[in-house]
Amino acid sequence: MSSIIITILFMIAIGAVIGGFTNSLAIKMLFRPYEARYIGKWKVPFTPGLIPKRRDELAVQLGKMVVEHLLTAEGIQQKMNDPVFKRTMIEYAQKEVLKLVESDEKIEDLLKRGLHLENPEQEIRLKASKYLTKKIETKLVNLKSKELAEILPEKTQERIDGAIEPIADLILTKISDYIASSEGKNKLSVMIDRYLADRGTLGSMINMFFTNTRLVDKVQPELLRLLKQKDIQNVIITMLEKEWQSLKETKLETFEDKFDSEELVQGITNLIVDELPVQHVMNLSLSEAIEPYKQRIVEDFVPRIVDAAGQYLSQNLQPLMEQLHLADVVKSQVETFSVGRLEEMVLSISRREFKMITYLGAVLGGMIGLIQGIIITLLG
């Protein structure tokens, strides 16, 4: 009886050892040997191991698995649209922006370091000058074929229309004041004297009846009275209105020969650029420059930008991922892995399961040994 039990236990032990060993060997043969083995010119079967032999196919399948099942556009979009994730990203962005806007570094130094500019102020003024020159030149080219009435604002034209009568009154007043002055009277006397001298005999006859001073005394009051008449004012108003209407119908290109357009453009540009407070801004620290807008930037702009960026990525994620060719990236990365590293990666994930498979093989082998021992005992 004892010999039978020993035989059965021996069969169980042999079966367990064989079952566990064969399973362990099968697991190892997934990875090893890493390279094919040869005896002379004869290649040893099952070399290299399954994974080294199929590494290229494994790389392709891993790439497809990552793109089609793991790192999918739908999965990323779902994550990006998650309110908790959005809140986390906004808080992170706000924290980083707050660090930036509280910097005491001067804007000039930031531009020198960040954009590698030797003289930021000069560069900004130069770029502003080029931009303004181009814009003004383009605007002038577009305006050349237009009439002045099309260019001037309607309110400006209305103001000028309403100012014609006051201007006419002002002209008459200034002329009257000048003629009434001693300087004007002397000038008028000279003009009368010259006029009479140009008339020859007629002028001499008039001079015989009037002295120069008496003639001026006669002409001056009459001239002043004439200037106060309503008809004279109406004539001047009509002349001004006519000239103003003619000016409004004049195209801008008509004035082109009256001035140098390049010089005009450059003058306007220089005038604007010189007024830009670039130097003042350059000497400010970033925190000083941003201080009036810091709260709005952090609490308003940053969440909007993060949300807009998230929506843009979410909407364009599919074509973006296609452009990245993630499957090819994963494939190329896996192809660079050594077989030893692949083995380590797989075992780090499935070491416990592989051990259980080995133990299962031992248990099954032991059970087979038990059955064989019982059969042998019964037949014996």
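The text that follows walks through the structure, step by step, so that each part is easy to find. (Residues numbered from 1 in each chain as written. Predicted model: local features only at pLDDT ≥ 70, side-chain atom pairs only at ≥ 80, totals over all residues. Heavy atoms only, no water.)

## Thoughts on the overall build of the protein
Next up, step 1: Helix and strand counts for the protein come out as 19 helices and two strands.
Next up, step 2: Taken against the 2.2 N^0.38 rule, which gives 21 Å for 380 residues, the C-alpha radius of gyration of the protein at 51 Å runs more than 25% over that of a compact globule.
Next up, step 3: For the protein, the spread of C-alpha atoms along the principal axes amounts to about 180 × 50 × 40 Å.
Next up, step 4: Out of the 380 residues belonging to the protein, those deemed buried represent 23%.
Next up, step 5: The long-range fraction of contacts in the protein, counting pairs at least 24 apart against all pairs at least 6 apart in sequence, stands at 77%.
Next up, step 6: Carbon and sulfur atoms make up 61% of the accessible area of the protein, which totals about 27700 Å².
Next up, step 7: Here the protein contributes 49 positive and 53 negative side-chain charges, whose respective centroids are spaced 7 Å apart. (Helix = DSSP H or I, 4+ residues; strand = E, 2+ residues; numbered from the N terminus. Rg over C-alpha atoms; globule rule 2.2 N^0.38 Å. Buried < 20%, exposed > 50% of the residue type's maximum accessible area, 1.4 Å probe, protein only. Contact = heavy atoms within 4.5 Å. Areas by Shrake-Rupley, 256 points an atom, 1.4 Å probe, with all protein chains shown as cover. Lys, Arg positive; Asp, Glu negative; His and termini not counted. Charge placed at Lys NZ, Arg CZ, Asp CG, Glu CD.)

## Some words on unusual backbone geometry
Next up, step 1: Despite not being glycine, His116 has its phi angle at roughly 55°, a positive value.
Next up, step 2: Inspection of the secondary structure puts His116 in the loop between helix H6 (107-115) and helix H7 (120-143).
Next up, step 3: A relative accessible area of 68% places His116 in the exposed class.

## As for the nonpolar core
Next up, step 1: Grouped together as the largest cluster of nonpolar side chains are 13 residues, with contacts concentrated most on Ile179 and Ile192.
Next up, step 2: Broken down by secondary-structure element, the contributors of at least two residues to this core are helix H9 (154-180), helix H10 (182-198), helix H12 (212-227) and helix H13 (230-248).
Next up, step 3: The next biggest cluster of nonpolar side chains, apart from the first, holds seven residues, and it includes Val101, Leu286, Ile297 and Val302. (Core = buried A, V, L, I, M, F, W, Y, C linked by side-chain atoms within 4.5 Å.)

## Some points on helix H17 (residues 294-324)
Next up, step 1: The first and last C-alpha atoms of H17 sit only 36 Å apart over 31 residues, clearly below the 45 Å expected at 1.5 Å per residue.
Next up, step 2: The set of residues buried in H17 consists of Ile297, Val298, Val302, Pro303, Ser314, Leu317 and Met321.
Next up, step 3: Taken together, the buried residues of H17 touch helix H4 (73-80), helix H5 (83-101), helix H16 (286-290) and helix H18 (326-336). (Expected span 1.5 Å × (residues − 1).)

## Overview of the side chain of Gln220
Next up, step 1: If you trace the backbone, Gln220 turns up in helix H12.
Next up, step 2: Ignoring anything within four residues of it in the chain, the contact list for Gln220 reads Ile179, Ala180, Ser181, Lys185 and Leu188.

## Focus: the environment of Ala289
Next up, step 1: Mapped onto the secondary structure, Ala289 falls in helix H16.
Next up, step 2: Sequence-wise, Ala289 and Ser145 are 144 residues apart; in three dimensions their C-alpha atoms are separated by 44 Å.

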